[in-house]
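Geometric and topological summary
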Amino acid sequence: SIAIDDHDNVSPTAGAFWVNFDITLPAITCDHISVDVEDRLGSRIFDIQKNVEKIPLDKEGVEAAILPDEIHIKAPDGHVTLKELQDVVANPDIFKRTNDTVNLEADKFMEWVQSHEWSLVSFRVDWCPWCQMLVPIWKSSAVILANRDVPVPLATVECTKHMDLCKEAGVTAFPTIKLYHWGKHVAPDYKGKRTVNDIVHFAETAADQKASSEKAGVNVSDTHRSDVGCTVVGHLFVHKVPGRIQLSLKSDTHTFNREAVNFTHQVHHLSFNDIPETEEEMEAIMLDHEIQDKVSRWLSQTFTSHTKHTMHEHYLKVVEYEYKNRGFGWANADRIYEHSISSHSYATDNHLPAIKFHYDLSPLQVSVEHKSRPWFSFVTMVCALVGGAWSIMSVVNDVATSSGLGKMFVDAKTLRASS
């Protein structure tokens, strides 16, 4: 039966439900992926971290090590003294010189990083404001490291000229600072503060940084970073009103390379359900394949970005189903939410590419009631079958007798017996 949905009038969690998702992005690293939610009530939540897990993937789609947020060794305050900074600032020629840091060309990159035990490389573009702010800090850090006789040279790659090298290095945001050890990239990319104090300390503790990454299970034997994709999995608490879930790139200290952003994605699972009272109840629902086959019909479908700057949008119409008297074999989920899917993609020149899931709830509710038949209905059905068969056989016998066919069969049988 179909009726107006009045579930929110009696539910203890009225007006809200969970969205469960499992999405793989094979060409976007986990560094800057943001999970955002907006709805018609005006709620806007960006870069949700709670109940969301981002799993790095290598080129083969195999899960890589998940790094802790604070993997870099924090620089103590005052590691670079005020006098050292004053000496740098007092010499304006430092910011005009070009010999303190190395500007690497693409054909010299591998030779240069392999010729140094430790090196720091900044990948930048001229038009990026964050890159422009980093220039004096980068030069000052190089001078102080040289004055301290720290054998960690600093270099710069201009991605405007060498975009292929930057893509190969996995650079999607500017500036990106990478540590190299004899030409091998020491993951992850630098995530500390862009201050002279922090960069100098990071360079001086390069060996400790490498040991920390190896302890976390990071692959430090490749020239470029080994993780190239990301699987985003989790669940969100959202209002039961039309809204949007979005996967995008966000950072307060980077500019993104639109040419390198590829939001090709595979949706393994996406579903809606009422908020469970316990984790055990949630787990039972998620492991019930009969329910999951109904509530998520994505079937690991892949949506490919065939052109640059491709935006992907999915429109979901959510309908609530109420099940009554279902019997055995089901988890404790008397209500499930099925949804239809309509997807399209297009090239955008005004915004960064993203993935958007627009959901809208139907005001109608489908009620499905399972009714079992009493035991005597089976006996009645068997008797009806037997009676029907007997009646048909009687009709056939009467027809054969009245038409003489029966006598012909008897005469043929008698003739064969006498011969």
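Definitions and cut-offs
Residues numbered from 1 in each chain as written. Predicted model: local features only at pLDDT ≥ 70, side-chain atom pairs only at ≥ 80, totals over all residues. Heavy atoms only, no water. Helix = DSSP H or I, 4+ residues; strand = E, 2+ residues; numbered from the N terminus. Buried < 20%, exposed > 50% of the residue type's maximum accessible area, 1.4 Å probe, protein only. Contact = heavy atoms within 4.5 Å. Areas by Shrake-Rupley, 256 points an atom, 1.4 Å probe, with all protein chains shown as cover. pLDDT = per-residue confidence, 0-100. Axes fitted to C-alpha atoms, helices over the stretch in contact; angles between N-to-C directions. Left-handed = near helix turned anticlockwise from the far one by under 90°. Nonpolar A, V, L, I, M, F, W, Y, C, P; charged D, E, K, R; others polar. 1 Å grid on protein atoms, 1.4 Å probe; cavity = no way out; pocket = protein on both sides within 12 Å on 5 of 7 lines; lining within 4 Å. Points joined across faces, edges and corners; volume = space filled by probe spheres on them. Parallel < 35°, antiparallel > 145°, perpendicular 65-115°, else oblique. Salt bridge = Lys/Arg side-chain N within 4 Å of Asp/Glu carboxyl O. Pairing = 2+ DSSP bridges. Polar contact = N/O pair within 3.5 Å; in protein donor to acceptor, adjacent residues only side chain to side chain. Core = buried A, V, L, I, M, F, W, Y, C linked by side-chain atoms within 4.5 Å. Phe/Tyr/Trp six-rings, centres within 6.5 Å; stacked < 30°, edge-to-face > 60°.

1. Notes on the overall build of the protein chain
Of regular secondary structure, the protein chain possesses 10 helices and 19 strands. Relative to its 419 residues, the protein chain shows a buried fraction of 43%. Residue pairs at least 24 apart in sequence account for 83% of intrachain contacts in the protein chain once pairs closer than 6 positions are excluded. About 23,100 Å² of surface is accessible on the protein chain, with carbon and sulfur atoms providing 56% of the total.

2. Describing the confidence of the model for the protein chain
Per-residue pLDDT for the protein chain has a mean of 83; in total, 82% of the residues score no lower than 70. Note on residues 328-332: pLDDT is under 50 here. Beyond four places in sequence and across chains, it has 13 contacts.

3. Some details on the packing of helix α1 (residues 82-89) against helix α3 (residues 129-147)
At their nearest, the axes of α1 and α3 sit 10 Å apart, and the two run at 115° to each other. Judged by the sense of rotation from one axis to the other, the crossing of α1 with α3 is right-handed. Within the contact between the two elements, α1 uses Glu84, Leu85 and Val88 and α3 uses Ser140, Val143 and Ile144. Residues of the contact of α1 with α3, tallied by class, amount to four nonpolar, one polar and one charged.

4. Here we look at empty space enclosed by the protein
Counted according to the given criterion, the structure contains two cavities of 30 Å³ or more. Taken as a whole, the largest cavity holds about 50 Å³ of empty space. Around the largest cavity sit Ala27, Ile28, Thr29, Asp31, His32, Thr172, Leu249 and Phe256, which together line it. Residue composition of the lining of the largest cavity, grouped by class: four nonpolar, three polar and one charged. Considered as a void within the structure, the second largest cavity measures approximately 30 Å³ in volume. What lines the second largest cavity is simply His72, Leu179, Val186, Ala187, Pro188, Phe202, Gln209, Lys210 and Ser213.

5. Topic: the packing of α3 against helix α5 (residues 196-204)
In contact at an axis separation of 9 Å, α3 and α5 are set at 45° when each is read in the N-to-C sense. The angle between α3 and α5 places the two elements in the oblique class. Two packed elements cross with a definite hand, and for α3 against α5 that hand is right-handed. For the pair α3 and α5, the contacting residues are Leu134, Ile137, Trp138, Ser140, Ser141, Ile144 and Leu145 in the first and Val196, Ile199, Val200, Ala203 and Glu204 in the second. Class assignment of the residues belonging to the contact of α3 with α5 gives a composition of nine nonpolar, two polar and one charged.

6. Digging into the pattern of salt bridges
According to the stated counting rule, one finds 14 salt bridges in the structure shown. Salt-bridge contacts for Glu204 lead to Arg148; the nearest nitrogen and oxygen are separated by 2.9 Å. With Glu204 in helix α5 and Arg148 in the loop between α3 and β8 (154-158), this residue pair connects regions lying 56 residues apart in the sequence. Measuring nitrogen to oxygen at the nearest pair gives 3.9 Å for the salt bridge that ties Asp274 to Lys240.

7. Looking at the sheet that holds strand β7 (residues 118-124)
Taken in spatial order, the five strands of this open sheet run β6-β8-β7-β10-β11, and their pairing is mixed. The open sheet has two free edges, formed respectively by β6 (102-104) and β11 (184-186), since each of these has just one partner strand. Averaged over all neighbouring strand pairs, the angle between strand axes comes to 35°, with direction disregarded. Bridge analysis of β7 against β8 gives five bridges, and the strand direction is parallel. Among the inter-strand pairings, Ser122 is bridged to a residue of β8, identified as Thr156. Packed onto the sheet, α3 meets β7, β8 and β10 (176-181) and runs at close to 165° relative to β7.

8. Some remarks on the environment of Glu38
Residue placement: Glu38 occurs in strand β3 (residues 33-39). Between the alpha carbons of Glu38 and Gln246 there is a distance of 8.4 Å; along the sequence they are 208 residues apart. Setting aside residues up to four positions removed in sequence, Glu38 forms contacts with Ser43, Arg44, Phe46, Gly243, Arg244 and Tyr359. Of note is the side chain of Glu38, whose polar atom sits 3.4 Å from the side chain of Arg44.

9. Some details on the nonpolar core
Where a protein is soluble and globular, its nonpolar side chains tend to be buried together. Residues Leu25, Val232, Leu236, Leu270, Phe272, Phe357 and Tyr359 are the most contacted members of the largest nonpolar core, which totals 35 residues. If one sorts the elements of this core by residue count, strand β2 (residues 16-25) sits on top with five residues. Discounting residues that sit within four places of it in the chain, Leu236 has contacts with Phe17, Trp18, Val19, Phe21, Val35, Val37, Ile48, Val52 and Ile245.

10. Concerning the packing of aromatic side chains
Scanning all chains against the criterion turns up nine aromatic pairs. With centroids separated by 5.7 Å and ring planes inclined at 80°, the aromatic side chains of Phe109 and Tyr180 adopt a geometry described as edge-to-face. Residue Phe109 is found in helix α2 (residues 109-114), and its partner Tyr180 is found in strand β10; the two are separated by 71 residues along the sequence. Judged by its relative accessible area of 1%, Phe109 is buried. Exposure remark for Tyr180: the relative accessible area of 0% places this residue in the buried category.

11. Some words on the pairing of strand β15 (residues 265-273)
Counted residue by residue, β15 has seven buried out of nine residues, so it is predominantly covered. Judged from the seven bridges that link them, β2 and β15 form a sheet pairing that is antiparallel. Across the sheet, Asp22 pairs through a bridge with His269, a residue of β15. Relative to strand β16 (residues 301-303), β15 is paired through three bridges, and the arrangement is antiparallel. Counterpart to Gln266 in the pairing with β16 is Thr302.

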